[in-house]
Structures are given as structure tokens and as C-alpha cells.
Amino acid sequence: MKVRHPLLALALAAALSPLQLAWAGGTHQVSVSASVTGTCVVNTATSTLSFGALNPGTGGTVNAAWSGGTFRCTNGTTYTVSSNDGLWESASGGGSNRMKLSTATDCSTPTNCIRYTFGSAAGGTGSGMTTNISFNVTGTTNLADYQDAAEGSYADTVTLTVSP
């Protein structure tokens, strides 16, 4: 058999030779991967939990609630919210938080501070970085905690920490 066209000869040789086909091409697979870090981001840096004006003459238990601050966590990430119990706590654990009179230097005089309880959401699971989670902060002060307090403004600063 005599082939007169060189391209036809080349095509015929390629079709008849399995070795040449193996050199003509092939496939390669690339594995693609990533990992998502479980993280939480606080959206609001500061806020105020206000008990308002406390009247020792007619008062009683005063509750305060605030739910304006938010944070976000990676979908499926378990988070915890912890508190440092404030600047003027008398014992750790959250039951001995105190607000200090603005003109006092410390709480060594008991009437310079007002005891209160402080609570916030302790933990949960994130739903993604587009879904806000509220801190839901609450506080309570009883008449016995402020009935002998000196007149004036009282304050404390509590730091909440969100951890994945």
C-alpha cells in the first residue's frame, strides 16, 4: 500500500500504533482544598447597662436589661461569653459586682459602692458571619444594696470576652 499524501500517512500510522497514542495526551487531577477558621467578631465595642435613678426612700429591687451589643461567629462554631466581673468586684464569680461613687477613690467605705449582679449569655453556636448574636446583658440591684449609699453617680466597667 502506497500512501501519497504525507498527512494521511501520519494519521494512518498514529491509528495503527498504540504506543504513539499514549504519548499524544493524558489527564492530571488537581485536588483543591481549604479550611474555615472558627472565629468570632464583636460588632459593638461599648454599651451601657443603666439602672436609672435609684431612690432609697421608696425603692426596691431594680432590674436592668440591655440587648443592643452584637457579635458574629463562624457557622457551627461553639462560643462562650465570659465576664471579668468589673473593676470594683469584691469577690470573683459575678455575685459581688459593685458600682463605685464617682467622687470616691475606692470601695473601702461600703457606702461608696453599690452591689449588683450581672449576667449575660454564656454560650452557644454561631450561625455565620452574616447573623448577629446579642449579648443580652442583665443586672439587678436590691434595696439593701443601695439604701445607705451616698448621693451621687455610680459606675463600673465590665469587660465581656467572646471566645470560639
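Residues numbered from 1 in each chain as written. Predicted model: local features only at pLDDT ≥ 70, side-chain atom pairs only at ≥ 80, totals over all residues. Heavy atoms only, no water.

## A word on the pattern of salt bridges
In the structure shown here, the tally under the stated rule is 1 salt bridge. The partner of Arg115 in a salt bridge is Asp145, with the nearest N and O atoms 3.8 Å apart. Of this pair, Arg115 sits in strand 6 (residues 113-119) while Asp145 is found in helix 3 (residues 143-146), placing the two residues 30 residues apart along the sequence. You can call Arg115 partly exposed: its relative accessible area is 31%. Note on Asp145: relative accessible area 18%, which makes it buried. (Salt bridge = Lys/Arg side-chain N within 4 Å of Asp/Glu carboxyl O. Helix = DSSP H or I, 4+ residues; strand = E, 2+ residues; numbered from the N terminus. Buried < 20%, exposed > 50% of the residue type's maximum accessible area, 1.4 Å probe, protein only.)

## Examining the sheet that holds strand 11 (residues 160-163)
What holds strands together in a sheet is hydrogen bonding between their backbones, with the strands either parallel or antiparallel. Here we have 3 strands laid out as an open sheet, ordered 7-4-11, and antiparallel in their pairing. Two strands in the sheet have a free side with no partner beyond their single neighbour: strand 7 (123-125) and strand 11. The sheet shows a mean angle of 20° between the axes of neighbouring strands, direction not considered. Judged from the 3 bridges that link them, strand 4 (residues 78-83) and strand 7 form a sheet pairing that is antiparallel. The residue bridging Thr78 from the neighbouring strand is Thr125, located in strand 7. (Pairing = 2+ DSSP bridges. Axes fitted to C-alpha atoms, helices over the stretch in contact; angles between N-to-C directions.)

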